[in-house]
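Now for the letters of each chain:
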Amino acid sequence: MEKLFDTHAHFTDEKLYGNDELLSEIFAGDVGYILTAAVNADDSEKCASLAEQYENMYASAGIHPEEVQKISDISAEKAKLERSLTRNKVVALGEIGLDYYWDKTYIQEQKKLFEYQMELAAETHMPVLIHDREAHGDVFDIIKKYEGKVIGVMHSYSGHSELAKEYVKMGWYISFSGVITFKNAQKAVQSALAVSTDRILVETDCPYLAPVPMRGKMNHSGYLHYTADFTADLLGMDRETFAKTSTQNAKTLFGISK
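Would you take a moment to explain unusual backbone geometry for this structure?
Negative phi characterises most residues that are not glycine, and trans characterises most peptide bonds. Here the bond from glycine 94 into glutamate 95 is cis, since omega is 10 degrees, no more than 30 degrees from zero. Relative to the elements of secondary structure, glutamate 95 occurs in strand S4 (residues 90-99). A cis amide bond, omega 15 degrees, links valine 212 with the succeeding residue proline 213. Mapped onto the secondary structure, proline 213 falls in the loop between strand S8 (200-202) and helix H8 (224-235). Non-glycine residue leucine 209 carries a positive phi angle of around 55 degrees. Looking at the element boundaries, leucine 209 is found in the loop between S8 and H8.

In structure tokens, the structure reads:
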């Protein structure tokens, strides 16, 4: 049986961190690989250290847009981040991007931080994990500036299908979380139908966004199969083929050869 790749999880979140028993159960099941994503410089180090404890866990290092208002010393934060990117199991830069949903006060600071991290990705040749919430136009404009220099994945994609196709034209990947299983998630459904299968990834974004029928519960990578099965059915693919395709897509993006 082909195993799935959870391309975006948060196993350093306080709800999940330190639960070795859960991770052991997950890896013994139908998930073969997990990328645990960072939200700030300290978390980047924590993600890297956690990934080093598990053969098939990988990590990202990055500063989430909502963190910008909490940073007191941006130079120190950047220095920590750049150190984390050299860690052995760090395979991506993220999650980075823009978030206009909660607070529009720090838009310019978010944009500067986003551009800095895109420059860093170009310099280090690392793929990026993009967080885009209610900022589709500005995110696209910044990513477009780095066409041919940076590729990555639009995590838990929430934009329109036409925009998804534009990202794929630039060589990017589109990742779907448990949101695609929700009744009101027509944009995600239409985007999955519009994207070529060689660019589709799946994720949990755990401990958030548990898929149907686990919606409302604390999410974890063991629930990834609900999202994968829903997406496979949507695309008219059998589960084994979808798992093989999406896992290989993730390995290609993150440069994982085994």
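Still more ground to cover, so stick around.
Sorry, what's going on with empty space enclosed by the protein here?
A probe as big as a water molecule, rolled over the atoms, marks out the empty space that is left. Inspection of the entire model under this criterion finds one cavity of 30 Å³ or more. Computed from the structure, the largest cavity encloses a volume of approximately 40 Å³. Every residue along the wall of the largest cavity is listed here: Ile130, His131, Asp132, His136, Met154, His155, Tyr157, Ser158 and Gly159. Here the lining of the largest cavity gets three residues from one element, more than from any other, and that element is strand S5 (residues 128-133).

What am I meant to see in the pairing of strand S7 (residues 173-176) here?
As a general feature of sheets, a regular strand has side chains that alternate between the two faces. Here S7 shows no split at all, with Tyr173 and Ser175 on one side and Ile174 and Phe176 on the other all buried. Looking at chain direction, strand S6 (residues 152-154) and S7 are connected through two bridges and run parallel. If you follow valine 153 over to S7, its bridge partner there is tyrosine 173. The β-α-β motif built from S6, the intervening helix H6 (residues 161-169) and the parallel element S7 has right-handed crossover chirality. The pairing of S7 with S8 spans three bridges and is parallel. For isoleucine 174, the partnering residue across the bridge sits in S8 and is isoleucine 200. A crossover links S7 with its parallel partner S8, the connecting element being helix H7 (residues 186-194), and its sense is right-handed.

Looking at this structure, I do not really get the nonpolar core. What am I missing?
Grouped burial of nonpolar side chains is what soluble globular proteins tend to show. Phe11, Met118, Ile130, Ile143, Tyr167 and Trp172 are the most contacted members of the largest nonpolar core, which has 73 residues in total. Filtering out sequence-adjacent residues up to four positions away, methionine 118 remains in contact with Ile96, Val128, Ile130, Ile142, Ile143, Tyr146, Val150 and Trp172. Of all hydrophobic cores here, the second largest spans 15 residues; its members include Phe5, Val91, Leu129 and Tyr173.

What exactly am I supposed to notice about H8 here?
Because the α-helix completes a turn every 3.6 residues, residues three or four places apart line up on one side. Helix length check: H8 (12 residues) gives 17 Å between terminal C-alpha atoms against 16 Å at 1.5 Å per residue, within 8%. If you check which residues of H8 are buried, you get Leu224, His225, Thr227, Ala228, Thr231 and Ala232. Projected down its long axis, H8 shows its buried positions confined to an angular sector of 160 degrees, all on one face. Those residues of H8 that are buried lie in contact with strand S1 (4-9), strand S2 (31-36), S7, S8 and helix H9 (239-254).

Conventions used here
- Residues numbered from 1 in each chain as written.
- Predicted model: local features only at pLDDT ≥ 70, side-chain atom pairs only at ≥ 80, totals over all residues.
- Heavy atoms only, no water.
- Helix = DSSP H or I, 4+ residues; strand = E, 2+ residues; numbered from the N terminus.
- 1 Å grid on protein atoms, 1.4 Å probe; cavity = no way out; pocket = protein on both sides within 12 Å on 5 of 7 lines; lining within 4 Å.
- Points joined across faces, edges and corners; volume = space filled by probe spheres on them.
- Buried < 20%, exposed > 50% of the residue type's maximum accessible area, 1.4 Å probe, protein only.
- Pairing = 2+ DSSP bridges.
- Right-handed = clockwise from strand over helix to strand, strands pointing away.
- Core = buried A, V, L, I, M, F, W, Y, C linked by side-chain atoms within 4.5 Å.
- Contact = heavy atoms within 4.5 Å.
- Expected span 1.5 Å × (residues − 1).
- Arc of directions from axis to C-beta.

Read these as layout, nothing more, since geometry by itself doesn't imply function.
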